[in-house]
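# Fold and geometry: a report
Residues per chain, in single letters:
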Amino acid sequence: MFRKPAVSTISNGSSLQRQSIGRLPSLDSKEPAQEDKVMLKKKITFLRGVSIITGTIIGAGIFISPKGILQNTGSVGMSLIVWTVCGILSLFGSLCYAELGTCIKKSGGHYTYILEAFGPLPAFVRVWVELLVIRPAATAVISLAFGRYILEPFFIQCEIPDLAIKLITAVGLTVVMVLNSLSVSWSTRIQIFLTFCKLVAILIIIVPGVMQLIKGETQHFKDAFAGNDASVMGLPLAFYSGMYAYSGCFFVYSRNIPLAICISMIIVTVGYVLTNVAYFTTISPVELLNSKAVAVTFAERLMGNFSLAVPIFVALSCFGSMNGGIFAVSRMFYVASREGHLPEILSMIHVRKHTPLPAVIVLHPLTMIMLFTGDIYSLLNFLSFARWLFIGLVVAGLIYLRYKRPDMPRPFKVPLFIPALFSFTCLFMVALSLYSDPVNTGIGFAITLTGVPAYYLFIVWDKKPGWFRKLLGKSNTRSWHGLLVIIPASVPPF
């Protein structure tokens, strides 16, 4: 099941042929497409690049993170500073990823960059925690936000029961998983509509907020730094909440448009700060902390009957983020499987529908476990430890590659202080978070450490007993071929 990357079976018409994999194609590959391969062509103009990157970054985080940031900073002014600083850090991180993308032209994102810089063990641990921690917990966080907002119109005068939120969340999550199992094209079409919805949701908040500012509603900005003093121990958790809202920028694989990345990050940062300013023109910091759905609280105060539109658009935005997460992880699973770091079955697609069915089937129960065992903010801290540990490691790998492989072609190159500052900040906040929330981050740390013995057990250990080899062997994989009607993909899904 865990195997060496040698050859791949691909579908060509009605027959199955064997073909050498070689170097994996990337989204930005300039190599000519061969007749028997499916390649993704790249033609991204500046404006199109800005729109794609902006649409990718903006997600459900802006409706989830405000409470977490304010709670851990203690004041309106400090929370707005954290939003701005996280935007700047995300810009730095995006530029570092742009450099890595120009010199490492392979699919797989975080996993591939760590593999190239530090070798197979850290890369395996990265994909191990992606499978067990990051992707299931991230999907559960967004799904819980979806469940709360979709139920808000039905519980206007009373509190929504937690069980109701979890049940409706489970239904929405299952719908997303089924959708991604049945049709890639329908998932893509729906995603375009849902991207429009999340932009509308933010504009519905920003425009009335700016109008409130024009009217002079600034009482909550007086003594903006008054309130609970921000503690050093709260900063990493505020960092986790803030960076969560910007984390979509690390899944953008456009490699040669750094200016588009800069413009996009400025647009997103200004939009996020204005959204929070809009909240504080209408509701007080105490009310925001007591609110279970801040966008709904804002809308009810300001929009009257039209306020029902806000939870609907926010719920659709969350649904779009849930749907998009499957696209992001399928490519990484494909590459890791081709390297022999994940079971071969996770790289396979449905023979007729061309959907990543095995990956979806594995992710669904793991996400359900997260869903019913945690809440939004505990899960956010839990997944953030592993996520930012490895994102910091990726950017540290950029510095390492400058010295390890100085002759590597680098069409785009960032000043060295940018990756140094970004990686130091990520790794420092990750270390400090073990003291800020030792339970949730500690569990994430422990699961991350299990990747080391797992690597030696599944990958390095050659003298496995016969029963263990049979359990993990190809005969087991072939049985899934027939049951799920799947074949190995010849190029990364999506």
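Here, the structure is the one placed above.
Given the structure is predicted, the values throughout are model-derived calculations rather than measurements. (Residues numbered from 1 in each chain as written. Predicted model: local features only at pLDDT ≥ 70, side-chain atom pairs only at ≥ 80, totals over all residues. Heavy atoms only, no water.)

## Concerning the overall build of the protein chain
- Scanning the protein chain from N- to C-terminus turns up 19 helices and four strands.
- Out of the 494 residues in the protein chain, the part that is buried amounts to 58%.
- Carbon and sulfur atoms make up 67% of the accessible area of the protein chain, which amounts to about 21,100 Å² in all. (Helix = DSSP H or I, 4+ residues; strand = E, 2+ residues; numbered from the N terminus. Buried < 20%, exposed > 50% of the residue type's maximum accessible area, 1.4 Å probe, protein only. Areas by Shrake-Rupley, 256 points an atom, 1.4 Å probe, with all protein chains shown as cover.)

## Some thoughts on the packing of helix α5 (residues 120-151) against helix α6 (residues 162-182)
- It is at 8 Å that the axes of α5 and α6 come closest, and there the two elements cross at 115°. In terms of orientation, α5 and α6 fall into the roughly perpendicular class. Of the two possible hands of crossing, α5 and α6 adopt the one that is right-handed. Across the interface between the two elements, Thr139, Ser143, Leu144, Phe146, Gly147, Arg148, Ile150 and Leu151 of α5 pack against Asp162, Ala164, Ile165, Lys166, Ile168, Thr169, Gly172 and Leu173 of α6.
- Here the residues of the contact of α5 with α6 are counted per class, giving eight nonpolar, five polar and three charged. (Axes fitted to C-alpha atoms, helices over the stretch in contact; angles between N-to-C directions. Parallel < 35°, antiparallel > 145°, perpendicular 65-115°, else oblique. Left-handed = near helix turned anticlockwise from the far one by under 90°. Contact = heavy atoms within 4.5 Å. Nonpolar A, V, L, I, M, F, W, Y, C, P; charged D, E, K, R; others polar.)

## A look at the nonpolar core
- Counting 138 residues, the largest nonpolar core has Phe63, Tyr149, Tyr272, Tyr279, Trp388 and Phe422 as the members making the most contacts within it.
- If you tally residues by element for this core, the top one is α5, at 19 residues.
- Apart from residues lying up to four places away in sequence, phenylalanine 422 is in contact with Leu89, Phe92, Gly93, Met243, Phe250, Trp388, Ile391 and Val395. (Core = buried A, V, L, I, M, F, W, Y, C linked by side-chain atoms within 4.5 Å.)

## Observations regarding the side chain of threonine 169
- In this fold, threonine 169 is placed in helix α6.
- Among the residues examined, threonine 169 registers a relative accessible area of 0% and is labelled buried.
- A polar side-chain atom of threonine 169 sits 2.6 Å from the main-chain carbonyl oxygen of isoleucine 165. (Polar contact = N/O pair within 3.5 Å; in protein donor to acceptor, adjacent residues only side chain to side chain.)

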